[in-house]
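# Structural overview for review
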Amino acid sequence: MPQYDLRDVNEPIIKVRTLCRHYQMGGTTVKALDCVDFDVHPGDFIMVVGSSGSGKSTLMHLIGLLDQPTSGCLLIDGDDMAQCRDGRLSRMRNRSIGFVFQQFNLLNDLTITENVALSQVYCGRRGEDRRTRARACAAELGLGDRLTHLPSELSGGQLQRTAIARALVNDPRLILADEPTGNLDSKTSREIMGIFHELHDRGHTIIMVTHDPDLAEQGTRKVTMSDGQIVSDVPGRKTIDQAAVGELAASLGGGASEDTGEGGGLGFFDLLRIGVREGLMAHRMRTFLTMLGIIIGVSSVIAMSSFSLGSKKKQEDQIRELGANLVRVIDKRLENERLTEARMSGSNGLCREDLALLRTNIPAIERAACVREIKLNVLHRGRGINPRVLGVSGEYLDVNNLRVSSGRYFERDDTLLSRKVAVVGHGIAGQLNQEGVIGEKLLLGGTPYTVVGVLADKNIDLEELEATSISDPNNDLLVPLETLLTRTAHLDLRSEIDEIQLQLESEEFLHTAGRAIKRVLGVTHQGVSDYDLVIPMDLLKQKHQAQRLLDILTICISSISIVVGGIGIMNIMLASVTERIREIGIRRAVGATRSDILYQFLSESMLISITGGIVGVALALAAVFSIGTVLEIPVVFSMPLLGIAVVASTVTGLVFGLYPAYQAANKNPVDALRYE
Ligand code: ADP
Ligand code: MG
């Protein structure tokens, strides 16, 4: 922060040395400013005159740090401005220099108070403090009853007062005014000039461009320009009030310069407010259409994944419902030559001894059962019914997660005495259609059996589980395996049992146990592969693995949609930068740094994308939840995925907003202000 030493009126605060500003127009060079030498002393009130195009504005812009010279140097307080970085230059524009334009250059969307407060935004004053000061400053300039109006509701004189208030609100030492009365009628001009005189009397240093020959004489100096050069520099009618200059100098330590040090720039809530006002609300339709890409991308990936995860979970639940951690060893039921061949090779097929061996060799086996299926005619009171008849032994109920709902299960004696008893599935019990099924007689291949129990209902959706070789226990008729083996005719070479069911301690053993089982059975079956190993949960996982392609495809399409949304955001932001280029110029003129502008536009693009992401998530949740409820489809919301979706849309806004924001930040302030 430069400290003008205003007490020494002989030492210039600004030294301009051989300052040039040339423009390259096709082949010719326009010398807007051509080797100008010029000093400004504290307390000066310099009137700059000259014909149109003589370089007055160019000089003002260079002194106001809104433009860079082609050559020569500009010293403020002895510091070469060419050596200063953007942050320092912006700070000086913000706190040491107040610029008043002919075209007022107010932001049309902001109220008078907000316009006046604009330069305070960039010096780190916050909230209420900012508004209080802006209101006081505006009131001092006679705008007390217009504070909440928009610029479009004010007269030219009031607009210029607002612009002056904005230039003064940070209490700058130097005021630059480029034809401040050029757009005003003569009465209003006089009022505005009155304000400048008052400021000068208080000790401010002022440089003013004017076309009015009468005003030109009212300063302490009159500088005439022609063709980019200063052709005369003569005293004016006014004199410098040394006391006032000294007084202002004495107050330098306080006021604005105190809270200059740190924390300039837009705060989080400033960015949020600008983002909502300019990014979201200014062009609602346009913004919404841009957001659609993100909304569609986010909502589709969440919706699809919720249904997909829901269906997977349901299937896994059902597998667990039918017996968790289950491994099934299923006899291949070889026939004819292949059966003979297997027996010749020394394999007796699957038998109860196999189970005994497995149990001793594989400690992870917790429970086990043997099953033999047999095709028999089943008659109930002369009527044929069509169950799957299974001879079972061991812990069949537990392994398959079944329960007897009425009657009882087989007891020790049933097995030992080979009793002719049966337990029927819920579906079969229904077919018997009796009040009391227990005690009913069934003819199995002509042999009478007594129903002693009924299995509880198992509500399994077999269609969804087709790949897992699961059958419906509701349609089963169970008899003790021993009874079946002794009572039914033995088919000579056939394997003793059809299936061994093993329940492992936990799901993690499924894989290793599978290998161990093959090793054990490889020995007893003499290497003949006359059995299959089926792990339902594994089959399901494989099935899900196969479906993963679909998930990946969904994610790809959603990502493309999000990227397209991002491109849309980039497009809209580029348009926005062009549309608001004057706003960029104005903000830069009152002290915004490049990063302030960068963050502003970046926060706008991110706000659009984050809003899109959140709307997408909300939409997906609502849709999935209602569809799931109405159609009774299981759904699972993946919290990490919701998070990823929101993060992805945020990152999209960041990535695709970066280029437009960068464009905005790098506009030369004076070019931005001149843009029509
Ligand atoms: P004044 O304010 O005295 O009317 P300016 O300082 O605006 O004059 O302009 C001085 C000269 O520089 C003019 O001839 C103008 O055409 C030229 N000039 C100003 N800005 C540009 C620019 N961005 N590109 C090309 N020429 C410019
Ligand atoms: Mg001009």
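Because the structure is a prediction, the values reported are computed rather than measured.

In this structure the tally under the stated criterion is three aromatic pairs. Aromatic side chains Y409 and F410 sit 4.8 Å apart centroid to centroid with 40° between the ring planes, which places their arrangement in the tilted category. Classification of F410 by relative accessible area gives buried; the value is 13%.

What follows is about the domain arrangement of the chain. According to the domain assignment, the chain consists of domain 1 (6–265), domain 2 (279–316 + 542–674) and domain 3 (333–529). Between the C-alpha centres of domain 2 and domain 3 the distance comes to 56 Å.

A word on helix α9 (residues 268–281). Over its 14 residues, α9 extends 18 Å from the first C-alpha to the last, a length consistent with the 20 Å expected when each residue adds 1.5 Å. In the structure, α9 departs most strongly from a straight axis at G275, where the bend amounts to approximately 30°. Residues of α9 that are buried: D270, L271, I274, G275, E278, G279 and L280. Elements that come into contact with the buried residues of α9 comprise α3 (112–121), α4 (127–140), α10 (284–321), α19 (581–589) and α20 (594–631).

Below, the discussion takes up the sheet that holds strand β2 (residues 28–40). Reading across from one edge, β2-β1-β4-β5 is the order of the four strands in this open sheet, with antiparallel pairing throughout. Edge positions in the open sheet fall to β2 and β5 (79–80), since each of these has one partner strand only. Looking at chain direction, strand β4 (residues 71–76) and β5 are connected through two bridges and run antiparallel. Along β5, the bridge assignment pairs I76 with D79. Sheet strands in contact with helix α1 (residues 56–63) are β1 (14–25), β2 and β4, and its direction is about 60° off that of β2.

When you line up the elements, R367 lands in strand β12 (residues 365–374). R367 gets classed as partly exposed once you look at its relative accessible area, which sits at 29%. When near neighbours in sequence (up to four residues on either side) are disregarded, R367 contacts R359, E395, D398, V399, Q501, L502 and Q503.

Moving on to the site of ligand 1. As a matter of local geometry, ligand 1 sits amid 13 residues, with G53, K56, S57, T58 and R674 nearest to it. At 2.7 Å from an oxygen atom of ligand 1 is found a main-chain nitrogen or oxygen belonging to G53. A distance of 2.4 Å separates an oxygen atom of ligand 1 from a polar side-chain atom of T58. Burial of ligand 1 by the surrounding chains reaches 71%, relative to a free accessible area of 560 Å². Listed by contribution, the elements that provide at least two residues to the shell around ligand 1 are β1, β2 and α1. For the shell around ligand 1, the class distribution of residues is four nonpolar, seven polar and two charged.

Before going further, it helps to spend a moment on the confidence of the model for the chain. The predicted model of the chain averages 86 in pLDDT, with 93% of residues at 70 or higher. Note that residues 1–7 has pLDDT below 50 and, in this model, 25 contacts with residues that lie over four places away or in other chains. Here residues 250–262 is modelled with pLDDT under 50, and outside its nearest four sequence neighbours on either side it reaches 14 contacts, counting other chains as well.

Scoring rules and cut-offs
Residues numbered from 1 in each chain as written. Chains lettered and ligands numbered in written order. Predicted model: local features only at pLDDT ≥ 70, side-chain atom pairs only at ≥ 80, totals over all residues. Heavy atoms only, no water. Phe/Tyr/Trp six-rings, centres within 6.5 Å; stacked < 30°, edge-to-face > 60°. Buried < 20%, exposed > 50% of the residue type's maximum accessible area, 1.4 Å probe, protein only. Domains from an automatic or database assignment. Helix = DSSP H or I, 4+ residues; strand = E, 2+ residues; numbered from the N terminus. Expected span 1.5 Å × (residues − 1). Bend = angle between axes of the 7 residues up to and from the residue. Contact = heavy atoms within 4.5 Å. Pairing = 2+ DSSP bridges. Axes fitted to C-alpha atoms, helices over the stretch in contact; angles between N-to-C directions. Near = heavy atom within 4 Å. Polar contact = N/O pair within 3.5 Å; in protein donor to acceptor, adjacent residues only side chain to side chain. Areas by Shrake-Rupley, 256 points an atom, 1.4 Å probe, with all protein chains shown as cover. Nonpolar A, V, L, I, M, F, W, Y, C, P; charged D, E, K, R; others polar. pLDDT = per-residue confidence, 0-100.

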